[in-house]
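Notes for the structure review
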Amino acid sequence: MVDTIDPRPTTPVTEKDRLARLKALDILDTPPEESFERLTRMASTLLEVPISAVSLIDENRQWFKSVVGLDTRETTREVAFCAHAMRGDTVMEVRDATVDPRFADNPLVTGDPGIRFYAGAPLKTRDGVPLGSLCVIDRKPRTLTATQLQVLQDLAAMAVDAIDLRTALRDATDREEAAKIATAALAASEAAQRAVLDTAVDAIITIDERGIIRTVNPATVRLFGYREEEMVGRNVSMLMPEPHAAAHDAYMARYHRTDDPHIIGVGREVPARRKDGTLFQAELAVSEMRVNGVRGYTGILRDITRRCEIEDEVREKNRLLGMAEEVGQVGHWRVEEETRAVEWSDGMYRIYGLDRDSFTPTVDTVMTRMPERDRERVATAVAATRTDGVPFTLDHAIILPDGTERVVSSSGRQERDEAGNPVALFGIMQDITDRVRAQERLQVAIDHISDGFVLMDEQDRIVVWNDKMLFLYPRAAPLVRMGIKFEDLVRRGVDEGQYPNAIGREEEFIAERMARHRLREEDYEERLVDADGRERYVRVTERNLPDGGRVGIRTDVTDLRVAQREADAANQAKSAFLSSMSHELRTPLNAVLGFAQLLEVSRKDPLSEKQQSHVKQILKGGQHLLDLINEVLDLARIEAGKMTLSIEDIDAADVLGECLPLAETLADKRAITIRVDVTDPAPRVRADFTRFKQVLLNLLSNAVKYNRESGRIIVTVAVDLAKKTARFSVADTGQGIPPEHMDGLFEPFNRLGAEATEVEGTGIGLTLTRELVERMDGAIGVESTVGKGSTFWVEVPLAENCPAGAAAAREAQRAAQALEAGEGALLDVLYVEDNPANMRLMEEVMEDFGTVQLQTAHTAELGLEMIACDRPDLVIMDINLPGIDGIEAVRRLRADPATAELPVIGLSANATAASIQKGLDAGFNAYLTKPVVIPELMGAIDRALKETSR
């Protein structure tokens, strides 16, 4: 801060002696004298100011011995700038009085003559008594150069010499002595004046009232390129370009006639011409003088070519800066350290919605344009910069004239001079309202995202988050703030028990979590504990950003997990129900179909033709019921996602080789012919062999069932190399499918009206077929014409890198005949079964072949005892037994070296894929499902015996 000085100067201790010395000079209230008039004219001319004066300070007033540019000869002492200047030893310079607390409210500043600039050199006697000052004044702010300051001091010394000369002339008793003194003083004064002129850097020219050059200084010679003798005695217009040269004499005549000056007493820029004809821009100041009543003029010229270029450059830079400030909504400001004066650019006025005419910025008025909530924060930042020199940057609000608020970003730093002393604060301000509002809208949008959101910068610091993120991580939420490291949040969550998986392995968990976090992308599910201790599941998705940051989404999947568990439980319940239903249905069905088969093939008690017909109806109905059970179980497994497919490269010829014989058997009964059109060699495709066989068998079976008597079936296989698929088509000559029934064709249990006909079916076959085809990445479709027939087709992918190749047809499974044709000793078979009907059926089956000796056991424990006592040739074992089940029983047999190789066949109503696989894994040689198919049972027995005999 600058100490405030009382505008009224304090009276010096020696004021009485000073006033007495001033009075003794007998200079106050005396007429003008040329020696002093010349000094003030030179001061105005050399220093390019409109006002200059030789000022003397008496007890109550400031009196001007000589003055240029003012009509008054005195002022009161209390408003006198010179009363301050005379107290110093060097020039006192006030660059802008309106912001100087000593003079800002001075009437000479606020009123006429409107002083803005003042510089005064003290006038002191040889023994140091202050009398007043030689001062120069301007109505605009400015700063003197070091050369100009020296000129002012030299002129002040000349004024003191003039005062001494005057005193000497008055006091000399001897006129001759007085003359000598006067001559010496005059010579000294003229020498001093000449020294000033010779050393001046500006051109100084004197002309008479006709415009004839009388004197030039060395700077004029250097500036114009003429020798002194080439200029003296010639019209000054020689130094001017046209049309100014031609108009000069007329201008002089008009001035002498009207006393209306255009240049005299006023500085202005004019063009000038050198001896070589080149033009340059000059600054000209002309003052009028009178010597012994003769009018003359002094002109001072300065080459301002470079200054004009610089000013043009500065104007252009300022123009560009102004455009940049306007486009960027930026302004700059400056605060003087000493005076606290504030300067604003045009951009600052635009930001505040103000104009220069109606608002003058000061430290206090600027603070009032800020909401109270921000003032202390801004003032603290500015004070810290002034004290410590540390730059500041902060965002705050400002108040516009209409009362609305805008948000700005302010930055400031300290300016220092060469000595390191603080000179001012400089800063910029940018209107960031739109950006802040956009960020606020973005934050609102982020807060309304149903998922957790987090954004990290390139240093892995949290910069944006939403409330959902805090909700999902409540135990780490208190630590969330701008700039917190992501790893610190993870550690806080671990410390607070946020991650159940971290308990007991905290550091290992943190290392694993951060390793995931450093991946370019991550997408996984993590288990958390919420604020109430309940388990919560969150899907974590994170991606790296191009700028080095990272964005993350947290999706609460707890409800999905709960629903999934409930669905899994429901599926398990459904599977258990279906398995139980299958078991309960297959058990009695085993007896029905088993005994019916015995009746049909019995050799001992052959049936009559009518009885044969009845048995066929029993077998037909039982088989239909068994097909329904199997298809319902298959469909349920697909829907539950539990059907496992083995996708591999298979030969189309192999699949057709197993399907066609079965289809032909069905077709022969209705005199239907089957024609096969397959490329040779047949293609290889990617599919599950068993399930693809099931698909083709279903299509072939439907083509037989829904065909007409003596109809045709055409099976074709075509390869589409562009699509890399093979299409299997089955065309029939049946009644076709009406268009209105197409939409329901693949719906489960929808037989499209066929349930009213004699054609048997479950209504599930096509549904199951479509599901199987789509699971094998294939497609299924149908084309049908009513009255002509239908074509069902299936497309599956071709095998990779697989040129079509001939494949030997797979051997059709043969029913085991070894038991019928066997010779030698009877086969000893143990059947472990707790159901009496099933026992009776097995006894009838074995008895019919005559080469089997069958023993039975109703529990696994009894069966194991019988095996230990008398090892049979083969064991057939049920699964669901009282006590230990068949799975455990076969495990015990395999664990005992004595029975490890004993052939054991599983026979159960548990027909699910999982049950079958479980039985095979436990050690059964084969696993058959009820109802038993007698040829399949015979074949399994044959294979089991052959495997163990190797």
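Look up: the structure comes first, before these words.
To start, this report covers the structure provided alongside it. (Residues numbered from 1 in each chain as written. Predicted model: local features only at pLDDT ≥ 70, side-chain atom pairs only at ≥ 80, totals over all residues. Heavy atoms only, no water.)

Attention now goes to the environment of Glu-33. With respect to the element layout, Glu-33 can be found in the loop between helix H1 (15–24) and helix H2 (34–47). Along the primary structure Glu-33 and Lys-65 are separated by 32 residues, whereas in three dimensions their C-alpha atoms are 8.2 Å apart. Here Lys-65 takes part through its side chain, which lies 2.8 Å from a polar atom of the side chain of Glu-33. (Helix = DSSP H or I, 4+ residues; strand = E, 2+ residues; numbered from the N terminus. Polar contact = N/O pair within 3.5 Å; in protein donor to acceptor, adjacent residues only side chain to side chain.)

For the pair helix H26 (residues 886–895) and helix H27 (residues 913–922), interaxial distance at closest approach is 9 Å and the crossing angle is 20°. If you check the angle between H26 and H27, you find them roughly parallel. In this structure, H26 uses Ile-887, Val-890, Arg-891 and Arg-894 to contact H27, whose residues at the interface are Lys-918, Gly-919 and Ala-922. (Axes fitted to C-alpha atoms, helices over the stretch in contact; angles between N-to-C directions. Parallel < 35°, antiparallel > 145°, perpendicular 65-115°, else oblique. Contact = heavy atoms within 4.5 Å.)

Turning next to empty space enclosed by the protein. By the definition in use, this model includes four cavities of 30 Å³ or more. Counted as a void, the largest cavity has a volume near 170 Å³. Counting only elements with at least two residues in the lining of the largest cavity, the list comes to strand S18 (462–465), helix H15 (467–472) and helix H16 (486–495). Of the residues forming the lining of the largest cavity, the biggest block, three residues, is contributed by H16. (1 Å grid on protein atoms, 1.4 Å probe; cavity = no way out; pocket = protein on both sides within 12 Å on 5 of 7 lines; lining within 4 Å. Points joined across faces, edges and corners; volume = space filled by probe spheres on them.)

Turning next to the packing of H16 against helix H17 (residues 506–517). Packing of H16 against H17 leaves a shortest axis separation of 10 Å and a crossing angle of 145°. H17 is crossed by H16, and the crossing has right-handed handedness. Contact with H16, carried on its side by Phe-486, Glu-487, Val-490, Arg-491 and Val-494, involves Glu-506, Glu-507, Phe-509, Ile-510, Arg-513, Met-514 and His-517 of H17 and no other residues of that element. The class makeup of the residues in the contact of H16 with H17 is six nonpolar, one polar and five charged. (Left-handed = near helix turned anticlockwise from the far one by under 90°. Nonpolar A, V, L, I, M, F, W, Y, C, P; charged D, E, K, R; others polar.)

Let's shift gears to the sheet that holds strand S27 (residues 779–785). Whenever strands of a sheet pair, they do so through backbone hydrogen bonds, lying parallel or antiparallel. In spatial order, the strands read S23-S25-S26-S28-S27; together these five strands make up an open sheet with mixed pairing. Edge positions in the sheet fall to strand S23 (673–678) and S27, since each has one partner strand and no second. Neighbouring strand axes in the sheet, compared pairwise and without regard to direction, differ in orientation by 15° on average. Sheet analysis places S23 next to strand S25 (residues 712–720), joined by six bridges and oriented parallel. Within S25, the residue paired with Arg-675 across the bridge is Ile-714. Contacting S25, strand S26 (725–732) and strand S28 (789–797), helix H21 (residues 689–705) crosses the sheet at an angle of about 25° to S26. (Pairing = 2+ DSSP bridges.)

Moving on: the nonpolar core. Within the largest apolar cluster, 42 residues are counted, with the highest numbers of intra-cluster contacts made by Phe-692, Leu-700, Ile-713, Phe-728 and Val-794. Elements with a minimum of two residues in this core: helix H20 (652–668), strand S24 (684–687), H21, S25, S26, helix H22 (765–775), S27 and S28. Ranked by residue count, the leading element in this core is H21, at eight residues. Residues contacting Val-794, with those up to four places away along its chain left out, are Phe-692, Val-695, Leu-699, Ala-726, Arg-727, Phe-728, Val-773, Ala-779 and Ile-780. Listed in part, the 35 residues of the second largest apolar core include Val-91, Leu-131, Leu-144 and Ala-156. (Core = buried A, V, L, I, M, F, W, Y, C linked by side-chain atoms within 4.5 Å. Buried < 20%, exposed > 50% of the residue type's maximum accessible area, 1.4 Å probe, protein only.)

A word on the sheet that holds S18. The strand order across the open sheet formed by five strands is S18-S17-S21-S20-S19, and the pairing between neighbours is antiparallel. Strands at the two margins of the open sheet, each flanked by one partner only, are S18 and strand S19 (521–529). The mean inter-strand angle of the sheet, taken between neighbouring strand axes irrespective of direction, is 20°. Of the pairings in the sheet, the one linking strand S17 (residues 452–456) to strand S21 (residues 550–556) comprises five bridges and is antiparallel in character. If you follow Gly-452 over to S21, its bridge partner there is Arg-554. Lying on the sheet, H17 is in contact with S17, S19, strand S20 (535–544) and S21; it crosses S19 at an angle near 145°.

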